[in-house]
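Chain and residue survey
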Amino acid sequence: MKFNRKANAQWLGSGKDGKGNLTTASGVLDKTQYSFSTRFEDGKGTNPEELVGAAHAGCFAMQLSFLLGEAGFTPDTLDVEATVSFEDGSVTTITLDLKGKVPGITSDKFKEVAQNAKEVCPISKLMKADIVLNVSLNN
């Protein structure tokens, strides 16, 4: 499978006082505001790290679902929270906190398949940051 996805960013002004907006081809983001305050303070809008976290959590959850299916399991729920840690100008760590409900699977098997999903997830492969995976099975 091969495809391209597009997103656009527009920035106006200086780094600290300027502002920008993000738009995706799908329309999910449509001139969504971002700025210094949304990135480094608690301003209203989004930021690149939040979007990376959402992309990573979504990709990982879908990859895990496929791998569980290949192993003969169908998840009821997979909840993934991605925490993107930023320090001194770099994303240093992404922590994926996974909570799942998967009928018939053991905790060890769930952890094994989740670890594999972390390794083969296309967004994980993009990251140079350390990726920490915490797994919890809620059967």
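Okay, so let's go over this structure. Treat the numbers as computed from the prediction; the structure is a model and nothing was measured.

Quick look at the side chain of Thr93 now. Summarising the element assignment, Thr93 is placed in strand E5 (residues 90–101). Residue class for Thr93 comes out buried when judged on its relative accessible area of 19%. In this structure, Thr93 is in contact with Thr83, Val84, Ser85, Ala129, Asp130 and Val132, ignoring residues within four places of it in sequence.

This brings us to the packing of aromatic side chains. Tallied over the full model, the rule gives 3 aromatic pairs. One aromatic cluster in this structure is built from Phe36, Phe40 and Phe86.

If you trace the 3 strands from one edge of the open sheet to the other, you get E1-E2-E3, paired in antiparallel fashion. Two strands bound the open sheet, and with one partner strand each, they are strand E1 (7–12) and strand E3 (32–35). Taken over all neighbouring pairs, the strand axes of this sheet differ in orientation by 25 degrees on average, direction set aside.

To continue, consider unusual backbone geometry. A positive phi angle, close to 55 degrees, is found at Lys31, a residue other than glycine. Considering the arrangement of structural elements, one finds Lys31 in the loop between strand E2 (19–24) and E3. Of note, Asp88 is a non-glycine position whose phi angle comes to about 50 degrees, a positive value. For Asp88, the position within the fold is in the loop between strand E4 (77–87) and E5. By relative accessible area, which is 74% here, Asp88 ends up exposed.

Before going further, it helps to spend a moment on the pattern of salt bridges. Under the counting rule described, the total for this entry stands at 3 salt bridges. A salt bridge links Glu49 to Arg39; the nearest nitrogen and oxygen atoms lie 2.5 Å apart. In this pair, Glu49 sits in helix H2 (residues 48–70) while Arg39 sits in helix H1 (residues 36–40), placing the two residues 10 residues apart along the sequence. A relative accessible area of 11% places Glu49 in the buried class. Two residues, Lys109 and Glu112, come together in a salt bridge whose shortest N-O distance is 3.3 Å. On the criterion of helical spacing, the pair formed by Lys109 and Glu112 is a turn pair, its members being 3 residues apart in helix H3 (residues 107–120). Accessibility expressed as a relative area gives 29% for Lys109, which makes it partly exposed.

Take the sheet that holds E5 next. Strand pairing in a sheet is mediated by backbone hydrogen bonds. Such pairs are either parallel or antiparallel. Overall, mixed pairing links the 3 strands, which are arranged E4-E5-E6 in an open sheet. The open sheet has two edge strands, E4 and strand E6 (130–137), and neither has a second partner. With direction set aside, neighbouring strand axes in the sheet form an average angle of 15 degrees. Both E5 and E6 contribute to a ladder of 8 bridges, which runs parallel. Looking at the pairing, Thr95 lines up with Val132 of E6.

Rules used in this analysis
Residues numbered from 1 in each chain as written. Predicted model: local features only at pLDDT ≥ 70, side-chain atom pairs only at ≥ 80, totals over all residues. Heavy atoms only, no water. Helix = DSSP H or I, 4+ residues; strand = E, 2+ residues; numbered from the N terminus. Buried < 20%, exposed > 50% of the residue type's maximum accessible area, 1.4 Å probe, protein only. Contact = heavy atoms within 4.5 Å. Phe/Tyr/Trp six-rings, centres within 6.5 Å; stacked < 30°, edge-to-face > 60°. Pairing = 2+ DSSP bridges. Axes fitted to C-alpha atoms, helices over the stretch in contact; angles between N-to-C directions. Salt bridge = Lys/Arg side-chain N within 4 Å of Asp/Glu carboxyl O.

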